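Examining the three-dimensional arrangement
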Amino acid sequence: GAGVSQSPSNKVTEKGKDVELRCDPISGHTALYWYRQRLGQGLEFLIYFQGNSAPDKSGLPSDRFSAERTGESVSTLTIQRTQQEDSAVYLCASSLSFTSFGNTIYFGEGSWLTVV
Amino acid sequence: EDKVVQSPLSLVVHEGDTVTLNCSYEVTNFRSLLWYKQEKKAPTFLFMLTSSGIEKKSGRLSSILDKKELFSILNITATQTGDSAIYLCAGGNYGGSQGNLIFGKGTKLSVKP
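Calculation rules
The residue numbering used here restarts from 1 in each chain and proceeds along that chain's sequence as written. Written order determines the labels here, with chains lettered from A and ligands numbered from 1. Residues qualify for local features only when their pLDDT is at least 70, as the model is predicted, and side-chain atom pairs are given and counted only at 80 or more; totals for whole chains, interfaces and linings, by contrast, use all residues. For the side-chain quantities, the full set of heavy atoms in the structure was used; hydrogens and water were omitted. Only DSSP runs of H or I covering at least 4 residues are called helices, and only runs of E covering at least 2 are called strands; the numbering of each starts at the N terminus. The globule rule used here is 2.2 Å times the number of residues to the 0.38 power, and the radius of gyration it is set against is calculated over C-alpha atoms. Working definition: with a 1.4 Å probe on protein chains only, accessible area under 20% of the residue-type maximum means buried, over 50% means exposed, and in between means partly exposed. The contact criterion used is simple: two residues touch if any of their non-hydrogen atoms lie within 4.5 Å. Residue burial considers only the protein chains on display, and all accessible areas are found by Shrake-Rupley using a 1.4 Å probe. Only rings of Phe, Tyr and Trp enter the pairing, Trp through its six-membered ring, and a pair is recorded when the two centres are within 6.5 Å. The plane angle decides the type: under 30 degrees is stacked, over 60 is edge-to-face, the rest tilted. For the purposes of this section, nonpolar cores are sets of buried Ala, Val, Leu, Ile, Met, Phe, Trp, Tyr and Cys residues that join through side-chain atoms within 4.5 Å. A strand pair is defined by DSSP finding two or more bridges across the two strands. Axis definition: a line fitted to C-alpha atoms, limited for helices to the stretch in contact. Angles are taken between N-to-C directions and run from 0 to 180 degrees. When two cysteine sulfur atoms lie within 2.5 Å, the pair is treated as a disulfide.

Turning our attention to the overall build of chain A. Along the backbone of chain A there are zero helices and 10 strands. The C-alpha atoms of chain A give a radius of gyration of 13 Å, which matches the 13 Å a tight globule of 116 residues would have. Along the three orthogonal principal directions, the C-alpha set of chain A runs to about 40 × 25 × 25 Å. Out of the 116 residues belonging to chain A, those deemed buried represent 52%. Considering only contacts within chain A whose residues lie at least 6 apart along the sequence, 55% involve residues at least 24 apart. Here chain A displays about 5,300 Å² of accessible surface, and carbon together with sulfur accounts for 47% of that area.

A word on the packing of aromatic side chains. In this structure the tally under the stated criterion is 10 aromatic pairs over all chains. Note on A:Tyr33 and A:Tyr48: the rings are 4.8 Å apart at their centroids and 40° apart in plane angle, and the pair reads as tilted. Taken together, the residues span a long stretch of sequence, with A:Tyr33 in strand S4 (residues 31–37) and A:Tyr48 in strand S5 (residues 44–50) at a distance of 15 residues. The residues A:Tyr33 and A:Tyr48 share a single accessibility class, namely buried. In this structure an aromatic cluster arises from ring pairing among A:Tyr33, A:Tyr35, A:Phe45, A:Tyr48, A:Phe107, B:Tyr36, B:Phe45 and B:Phe103.

Attention now moves to the nonpolar core. All names here are of chain B. Within the largest apolar cluster, 22 residues are counted, with the highest numbers of intra-cluster contacts made by Val-4, Tyr-25, Leu-33, Trp-35, Tyr-87 and Leu-109. Taken together, the elements giving at least two residues each to this core come down to strand S3 (19–26), strand S4 (30–38), strand S5 (44–49), strand S7 (61–66), strand S8 (71–76), strand S9 (85–93) and strand S11 (107–112). Sorting elements by how many residues they give to this core places S3 first, with four residues. In contact with Tyr-25, not counting residues within four places along its chain, are Lys-3, Val-4, Phe-30, Leu-33, Leu-65, Asp-66, Lys-67, Leu-70 and Phe-71.

Looking now at the sheet that holds strand S7 (residues 75–79) of chain A. All names here are of chain A. Spatial ordering of the open sheet is given by S1-S3-S7-S6, a layout of four strands whose pairing is antiparallel. Two strands lie at the open edges of the sheet, namely strand S1 (5–7) and strand S6 (65–69), each paired on one side alone. Sheet twist, expressed as the mean angle between neighbouring strand axes with direction ignored, is 15°. In terms of strand pairing, S6 meets S7 through five bridges, oriented antiparallel. Within S7, the position partnered with Glu-68 by the bridge is Thr-76.

Residue and element names in this part refer to chain A. Summed over the entire model, instances satisfying the criterion amount to two disulfides over all chains. One disulfide bridge connects Cys-23 with Cys-92, the sulfur atoms lying 1.9 Å from each other. An S-S torsion of about -70° defines the bridge between Cys-23 and Cys-92 as left-handed. One end of the pair, Cys-23, is in strand S3 (residues 19–24); the other, Cys-92, is in strand S8 (residues 88–95), and 69 residues separate them in sequence. Exposure class is identical for Cys-23 and Cys-92. Each is buried.

To continue, consider the sheet that holds S7(B). Residue and element names in this part refer to chain B. Across the sheet, five strands lie side by side as S1-S3-S8-S7-S6; this open sheet has antiparallel pairing. Among the strands making up the open sheet, the edge pair consists of strand S1 (3–7) and strand S6 (56–58). In this sheet, neighbouring strand axes are inclined to one another by 15° on average, regardless of whether the strands run parallel or antiparallel. Across five bridges, the pairing between S1 and S3 is antiparallel. Across the sheet, the residue bridging to Val-4 is Tyr-25, located in S3.

Structural data, given as structure tokens:
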């Protein structure tokens, strides 16, 4: 696609329910990132996928959070048993390959999650 | 531990003012320094800097990197209300953690008419 696409753009869920957030990266981008941003806060790294390598899950805050990616395409971020503190914007980004090779990352519009 | 620190955390100026946003970094195997502007949800790319002392410019925005002192600045001249946003700085590295990109917490700029 032309840009990074995320869905849903907004999600209101009840505490304790599971949610799935979807990210469709720019076509041809092998690297995919998930970030969380609470209101008024900076970006919090969650997970990073690079091609078929094992993902870097070091930023996932608890075992309620998981993410999958099929090959170099769509990724889903799943939050189980949501808590109010999970309320945030979840941003997905993609890049051609490692940023260290001089490729910038491009962000989607984000999924705003509200847990009530 | 790798880190990127931005200052100030927030800034309020009036239209026409010039502002300087700071970004210092401690990034192992540093490769590049990136600036993003975040107005609503999606940060948009501004600059990537890899060489020390070479200014990059785009309209009223400019940025420069100092690899000896490990910092970068983002300058905005003749600020406008449309410049109000969070400005994010990120350090890119070789083979590091977090997908080779460490973000700072951002500087929130508010430009008053």
